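# Fold and geometry: a report
Each chain is listed here by its residues.
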Amino acid sequence: MVYDGAQHASVARDPRLAERAFVVSSFGKTYHVTGWKVGYVAAPAALMQEFRKVHQYNVFSVNTPMQHGIAAYMEDPAPYLELPGFYQKKRDLFRAGLAGSRFELLPTNGTYFQCVRYGAISGLPEAQFASWLTLEAKVAAIPVSAFYSRPVESGIVRFCFAKKDETLEQALEILRRL
């Protein structure tokens, strides 16, 4: 998932990297089926042999219906090929909608999350601001500090723009008023 005409650069494209790298990915992100929780790992045979030793104690396999479902879904490449454009439109809609707000927009080049600084709106710590925003303004946000083993306050939260356009418009209306 990359935008603005950029090309995804996998380590598998470079033979020197590919011979010693694991490619870990999720069909959920690539095929827009995040709730399915289906992913994969690819690596050279010797590395995969070692990976399987650990993997077998963490999970066994994805349930059979999901495997069949993702295999059938992959038969049509259109959703995969159109996904970057689909998300770029949503990103552009969301960024344009926040452009006149008091949020400071951070670059969003390959995800369906928009990170923003909110310091012009509130001095609350991230978790408290996200909670306030969700409970009082009715717009969900995730504090970036939640992704650290020891939370680091940066005054940044993220919004997911992988929503229906109508939902995004409603959220933007609220966020612009803050």
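Whatever comes next refers back to the structure up there.
First things first, this report covers the structure right here in the doc.

So, how was this worked out
- Residues numbered from 1 in each chain as written.
- Predicted model: local features only at pLDDT ≥ 70, side-chain atom pairs only at ≥ 80, totals over all residues.
- Heavy atoms only, no water.
- Phe/Tyr/Trp six-rings, centres within 6.5 Å; stacked < 30°, edge-to-face > 60°.
- Helix = DSSP H or I, 4+ residues; strand = E, 2+ residues; numbered from the N terminus.
- Lys NZ or Arg CZ within 6 Å of the ring centre and 35° of its normal.
- Patch = residues over 30% accessible without salt bridge, like charges linked within 9 Å, V, L, I, M, F, W, Y side chains within 5 Å.
- Areas by Shrake-Rupley, 256 points an atom, 1.4 Å probe, with all protein chains shown as cover.
- Salt bridge = Lys/Arg side-chain N within 4 Å of Asp/Glu carboxyl O.
- Buried < 20%, exposed > 50% of the residue type's maximum accessible area, 1.4 Å probe, protein only.

The subject of this paragraph is the packing of aromatic side chains. Following the criterion strictly, the structure yields 13 aromatic pairs and no others. Their ring planes at 45° and their centres at 6.0 Å tell us that phenylalanine 22 and phenylalanine 51 sit as a pair that is tilted. Linking phenylalanine 22 in the loop between helix H1 (15-18) and strand E1 (23-26) with phenylalanine 51 in helix H3 (residues 45-58), this pair joins segments that are 29 residues apart in sequence. One aromatic cluster is present, formed by Phe27, Tyr31, Tyr40, Tyr73 and Tyr80 through successive ring pairs. Its end group placed over the ring of phenylalanine 113, arginine 158 keeps NZ or CZ at 3.5 Å from the ring centre.

Residues Ile142, Phe147, Tyr148 and Val152 make up a contiguous nonpolar surface patch of about 380 Å² in total accessible area. Of note, valine 152 is situated in the loop between strand E5 (142-143) and strand E6 (156-160). For valine 152, a relative accessible area of 43% gives the class partly exposed.

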